[in-house]
Amino acid sequence: MLLSTVETRAIRSPETYDLRRRILRPHRPLRACAYPYDTAPGALHIGCFLNEQLVSISSILPDARKDASQPTSWRMRGMAVLEDVRGTGLGSKILQTLILA
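Just so you know, these numbers come straight off a predicted model, no measurement behind them.

Asker: Even after reading the chapter, I still don't get unusual backbone geometry, so can you show me in this structure?
Answerer: The bulk of non-glycine residues show a negative phi, and the bulk of peptide bonds are trans. Backbone geometry at Asn-51 places phi at a positive 50°, although glycine is not the residue there. Within the element layout of this structure, Asn-51 appears in the loop between strand S2 (44-50) and strand S3 (53-64). Judged by its relative accessible area of 56%, Asn-51 is exposed. Backbone geometry places Glu-52, a non-glycine residue, at a positive phi of 70°. Inspection of the secondary structure assignment puts Glu-52 in the loop between S2 and S3.

This is the structure in structure tokens:
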């Protein structure tokens, strides 16, 4: 895989629904892939594109914590990578993008 063909960027939550359904909820309707946190303040959705095709997704959102030194942490949700590109480092690329966000 040529790294120049890979792009990782922020996407809108509806852009995650197809991969969420295909990978995480294959027997559910597409509407079941709209999660309540998708539009929460601070939520971020990242897509990894290979040759302009969306092949990996994940979302992060702020998560309030009680009795912690930091009042807010981040929760990653809905990570999915198409089966035919698993093991190529695209999932790691998504995680790195989220860490740096």
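We are not done yet, so read on.
Asker: What's the story with the nonpolar core in this structure? I'm lost.
Answerer: Across soluble globular proteins, nonpolar side chains show a tendency to be buried alongside one another. In terms of nonpolar packing, the biggest core is built from 18 residues, with Leu-50, Leu-54, Val-55, Ile-57, Val-85 and Leu-90 touching the most fellow members. Elements with a minimum of two residues in this core: strand S1 (6-11), S2, S3, strand S4 (72-81) and helix H2 (90-100).

Asker: I'm lost on the packing of aromatic side chains in this one. Help?
Answerer: Any two aromatic rings considered together are summarised by their centre-to-centre distance and by the angle between their planes. Scanning all chains against the criterion turns up one aromatic pair. Ring geometry for Tyr-35 and Tyr-37: centres 5.3 Å apart, planes at 50°, overall tilted. There is no split in this pair, since Tyr-35 and Tyr-37 are both buried.

Calculation rules
Residues numbered from 1 in each chain as written. Predicted model: local features only at pLDDT ≥ 70, side-chain atom pairs only at ≥ 80, totals over all residues. Heavy atoms only, no water. Helix = DSSP H or I, 4+ residues; strand = E, 2+ residues; numbered from the N terminus. Buried < 20%, exposed > 50% of the residue type's maximum accessible area, 1.4 Å probe, protein only. Core = buried A, V, L, I, M, F, W, Y, C linked by side-chain atoms within 4.5 Å. Phe/Tyr/Trp six-rings, centres within 6.5 Å; stacked < 30°, edge-to-face > 60°.

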